[in-house]
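If you want the building blocks of each chain, they are given just below.
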Amino acid sequence: MYELIAANRRRSVFLVVSFVLLVAALGFIFGLAWDVGYFAAVAATAVAVVASIFAYYRSDKIVLRISHARAADPADPNQARLINITEGLSIAAGIPVPGVYVIDDEAPNAFATGRDPKHAAIAATTGLLQKMNRVELEGVIAHELSHIRNYDILVTTIAVVLAGLVTLMSDWMLRGFWRVGGRRRSGGAIVGVLGLVAALLAPLIAQMIRMALSRRREMLADSTGVMLTRYPPGLVSALKKLRDDSTVVRTGSRATAHLWIESPLHRSGSGVLSWTNRLFDTHPPIEERIRILESL
């Protein structure tokens, strides 16, 4: 367990360094395109460092806000059950009880966020509370608590803010390139093409970094989650329900997709959007997760 926590801390450093370098590279190319030299690279690096510090301390609040999460109400029977399960499993996991939040959405799903077990939160949709029985809900919450105990949340929560910064910078670059043409030297066309390619590829690179950090993490959370409940069929049944339910989380987005227990994005059908979501999925196939748990 301590080795896993140490590995996740190393991944957090890798994640921050990777995004800072990516943002600095974008700034450098942007500076060449706009004839401002290294100033843009230095400014972009400074912004990335500040964003990393901000992400470390505040990204959990951002995630909860953009997901429209609210504190669970103990007066509501379903939400009281969620609070009770979270408290009991937190004691079993040996971690402080995280904040418990609810998202008004009929799609069954849940996620954990925060920077460490002392500063963590769990959010579940009302659809999850309505569609899961107690043992299934225990399996889902144990999965999310495993993310907290393993320090997965530090990696995944920071990724939301930093990936958003990369996407925002890429958008700025794309919007600005139409003004570059008249301000370039003889090598301007080459720099312009390079900048355009970088602006288009940067969000893809950011997504690939997040994918590399996410897939194995889900498998580990499944395994450590069933160790908490000591009842693998509970999480297996929950995953089967998630697999068979095609409802899409309304507040789900590519920025936060890697946080949820199962991708909140639309992936069924043959449309371009569904194909793209499947191509850049941050989660391993749910059938594979079920197969592994059934073999335990």
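Residues numbered from 1 in each chain as written. Predicted model: local features only at pLDDT ≥ 70, side-chain atom pairs only at ≥ 80, totals over all residues. Heavy atoms only, no water.

Asks: What should I look at first to understand the overall build of the protein in this one?
Replies: Helix and strand counts for the protein come out as ten helices and four strands. Element order for the protein, N to C, with α for helix and β for strand: α-α-β-α-β-β-β-α-α-α-α-α-α-α. Classification of the 296 residues of the protein by burial places 53% in the buried group. Taking as baseline every contact in the protein between residues at least 6 positions apart, the subset at least 24 positions apart corresponds to 71%. For the protein, the exposed surface amounts to about 13800 Å²; the carbon and sulfur share of it is 64%. (Helix = DSSP H or I, 4+ residues; strand = E, 2+ residues; numbered from the N terminus. Buried < 20%, exposed > 50% of the residue type's maximum accessible area, 1.4 Å probe, protein only. Contact = heavy atoms within 4.5 Å. Areas by Shrake-Rupley, 256 points an atom, 1.4 Å probe, with all protein chains shown as cover.)

Asks: Looking at this structure, I do not really get helix α3 (residues 77–93). What am I missing?
Replies: Each full turn of the α-helix corresponds to 3.6 residues, which orients residues three or four apart in the same direction. For α3, built from 17 residues, the straight-helix expectation of 24 Å at 1.5 Å per residue is met to within 8% by its first-to-last C-alpha distance of 24 Å. Listed in full, the buried residues belonging to α3 are Q79, R81, L82, I83, I85, T86, L89, S90 and A93. One or two residues past the end of α3 sits G94, with phi positive at roughly 75°. (Expected span 1.5 Å × (residues − 1).)

Asks: Before we go on, may I ask you to explain the pattern of salt bridges in this structure?
Replies: Opposite charge on two side chains lets them pair, provided their charged atoms get close. Inspection of the entire model under this criterion finds twelve salt bridges. Salt-bridge contacts for D60 lead to K61; the nearest nitrogen and oxygen are separated by 3.4 Å. Among the residues examined, D60 registers a relative accessible area of 10% and is labelled buried. Classification of K61 by relative accessible area gives partly exposed; the value is 42%. (Salt bridge = Lys/Arg side-chain N within 4 Å of Asp/Glu carboxyl O.)

Asks: Help me out: how do you make sense of unusual backbone geometry in this one?
Replies: Leaving glycine out, the prevailing phi sign among residues is negative, and the prevailing peptide bond configuration is trans. The phi dihedral of Y151 is positive, around 65°, even though this residue is not glycine. Tracing the chain through its elements places Y151 in the loop between α5 (134–149) and α6 (152–176). In this structure, R230 takes a positive phi of about 60° despite not being glycine. Within the element layout of this structure, R230 appears in the loop between α7 (188–229) and α8 (232–244).

Asks: Quick question: what am I supposed to make of a nonpolar patch on the surface here?
Replies: Judged by side-chain polarity, V193, V197, L201, L204, I205 and M208 come together as a nonpolar surface patch covering roughly 480 Å² of accessible area. With respect to the element layout, M208 can be found in helix α7. (Patch = residues over 30% accessible without salt bridge, like charges linked within 9 Å, V, L, I, M, F, W, Y side chains within 5 Å.)

Asks: Explain α8 here, please?
Replies: Helix length check: α8 (13 residues) gives 19 Å between terminal C-alpha atoms against 18 Å at 1.5 Å per residue, within 8%. Burial in α8 covers these residues: G234, L235, V236, A238, L239 and L242.

Asks: Got a minute to help me understand the sheet that holds strand β3 (residues 110–116) in this structure?
Replies: Sheet strands pair by backbone hydrogen bonding; their relative direction is either parallel or antiparallel. Reading across the sheet, the four strands line up as β1-β2-β4-β3 and stay open at both edges, with mixed pairing between neighbours. Two strands in the sheet have a free side with no partner beyond their single neighbour: β1 (69–71) and β3. Put simply, the sheet's adjacent strands are angled 30° from each other on average, direction ignored. Summarising the sheet, strand β2 (residues 99–103) and strand β4 (residues 119–125) pair through five bridges and their orientation is parallel. Bridged to I103 within β4 is T125. Strands β1, β2 and β4 of the sheet are contacted by α3, whose axis makes an angle of about 145° with β2. Most of the contacts of α5 go to β4, to which it runs at about 155°, and overall it touches β3 and β4. (Pairing = 2+ DSSP bridges. Axes fitted to C-alpha atoms, helices over the stretch in contact; angles between N-to-C directions.)

Asks: Could you clarify how one ought to interpret the pairing of β4 in this entry?
Replies: The side chains of a regular strand alternate between both faces of the sheet. Counting buried residues along β4, six of its seven residues qualify, which places the element largely inside the surrounding structure. For β3 and β4, the ladder comprises six bridges, and the chain directions are antiparallel. Residue pairing in the sheet places T113 in a bridge with A121 of β4.

Asks: It is not clear to me how the nonpolar core should be interpreted in this structure. Could you clarify?
Replies: The nonpolar side chains of soluble globular proteins are, as a tendency, buried together. Ranked by size, the top nonpolar core spans 35 residues in total, and within it L128, I141, L145 and I148 carry the most contacts. At six residues, the largest contribution of residues to this core is made by α5. For I148, the contacting residues outside a window of four places in its chain are I95, P98, A112, P117, A120, A121, I122 and I153. Counting residues in hydrophobic clusters, the runner-up holds 26 residues, among them V23, A48, A51 and A199. (Core = buried A, V, L, I, M, F, W, Y, C linked by side-chain atoms within 4.5 Å.)

Asks: Would you mind showing me how to read the side chain of D222 here?
Replies: Tracing the backbone shows D222 in helix α7. Ignoring sequence-local partners within four residues, the contact set of D222 consists of H143, L235, L239, R289 and L293.

Asks: Before we go on, may I ask you to explain the environment of E87 in this structure?
Replies: In this structure, E87 sits in helix α3. Exposure remark for E87: the relative accessible area of 37% places this residue in the partly exposed category. Once the C-alpha coordinates of E87 and G99 are considered, the two residues, twelve residues apart in sequence, prove to be 9.9 Å apart.

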